[in-house]
Amino acid sequence: GGTCFIIADGTVNQRNGPGTSYDRVGQLSEGQRVQIVGKTVSTSSFVWYKLIDDTWVREDTIRLDGICSNIPDV
């Protein structure tokens with residue numbers, strides 16, 4: 001393994017599940033870095049990343065940093 005992080009590409013909504021139909025429960029500021037603990041693909045074919053704080057962000061709003069080749073599916 002290794003540790004993988006997201007870095008926000010701007011203001012990024014954090015949701016309580018992997019999709020835009022889930023409630024927004026927070027926001028990340030541009031450049032903010034948070035550890036990833038899992039990923040899933042939504043019904044709309046976007047990859048959503050589960051963060052260490054149990055929130056979710058969508059792939060097109062962030063960039064990856066660190067060792068990200070073994071992110072577990074959740």
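Residues take numbers from 1 onward in each chain, read along the sequence in its written order. Only residues with pLDDT of at least 70 are given local features in this predicted model, and only at 80 or more are side-chain atom pairs given and counted; all residues enter the totals for whole chains, interfaces and linings. Side-chain metrics in this entry use all non-hydrogen atoms of the structure; hydrogen atoms and water are not considered.

Which residues make up the nonpolar core, and what values go with them?
Counting 13 residues, the largest nonpolar core has Ile6, Leu28, Ile36, Tyr49, Leu51 and Val57 as its most contacted members. Contact between two residues is taken to exist if any of their heavy atoms lie within 4.5 Å; hydrogens are not considered. Leaving out residues up to four positions away in the same chain, isoleucine 6 has contacts with Leu28, Gln32, Arg33, Val34, Ile36, Tyr49, Leu51, Val57, Ile62, Arg63 and Leu64. Note on terminology: a nonpolar core comprises buried Ala, Val, Leu, Ile, Met, Phe, Trp, Tyr and Cys residues joined through side-chain atoms within 4.5 Å. Partly exposed residues are those whose accessible area sits between 20% and 50% of the maximum for their type, while under 20% is buried and over 50% is exposed, using a 1.4 Å probe and protein chains only.

So, the environment of valine 34: which residues are in play, and what are the values?
Helix and strand labels come from DSSP, where a helix needs a run of H or I of at least four residues and a strand needs a run of E of at least two; each type is numbered from the N terminus. Tracing the backbone through its elements, the reader meets valine 34 in strand S4 (residues 33–41). Classification of valine 34 as buried rests on a relative accessible area of 10%. Sequence-wise, valine 34 and cysteine 68 are 34 residues apart; in three dimensions their C-alpha atoms are separated by 13 Å. Contacts of valine 34, omitting those with residues within four sequence positions, involve Cys4, Phe5, Ile6, Leu28, Leu51 and Ile52.

Give me the packing of aromatic side chains: which residues, what numbers.
Geometry of aromatic contacts follows a simple scheme: Phe, Tyr and Trp rings, the Trp one being its six-membered ring, pair when their centres are within 6.5 Å, and the pair is stacked under 30 degrees between planes, edge-to-face over 60, tilted otherwise. In total, this model carries 0 aromatic pairs according to the counting rule given. Charges are assigned to positions over rings by a cutoff of 6 Å between ring centre and Lys NZ or Arg CZ, combined with an angular limit of 35 degrees from the ring normal. The ring of phenylalanine 5 carries arginine 33 above its face, with NZ or CZ at 3.7 Å from the centroid.

Break down the pairing of strand S1 (residues 4–8) for me, citing the residues and quoting the values.
A large share of S1 lies buried, amounting to 5 of its 5 residues. Residues Cys4, Ile6 and Ala8 line one face of S1 and the alternating positions Phe5 and Ile7 line the opposite face, and both faces are buried. Two strands qualify as a pair provided that DSSP identifies no fewer than 2 bridges between them. With 5 bridges joining them, S1 and strand S7 (residues 62–66) adopt antiparallel strand pairing. Counterpart to cysteine 4 in the pairing with S7 is glycine 66. The pairing of S1 with S4 spans 3 bridges and is classified as antiparallel. Note that in S4 the partner of isoleucine 6 across the bridge is valine 34.

Give me the lowdown on the pattern of salt bridges, citing residues and values where you can.
Any Lys or Arg side-chain nitrogen found within 4 Å of a carboxyl oxygen on Asp or Glu counts as a salt bridge. For the structure on display, the rule yields 5 salt bridges. The closest approach of N and O atoms between aspartate 9 and arginine 63, which form a salt bridge, is 2.7 Å. Note that aspartate 9 is positioned in the loop between S1 and strand S2 (12–15) and arginine 63 in strand S7, a separation of 54 residues in sequence. A salt bridge links lysine 39 to aspartate 73; the shortest N-O distance between them is 2.9 Å. Separated by 34 residues along the polypeptide, lysine 39 in strand S4 and aspartate 73 in the segment after S7 bring together distant segments of the chain. Note on lysine 39: relative accessible area 25%, which makes it partly exposed. You can call aspartate 73 exposed: its relative accessible area is 63%.

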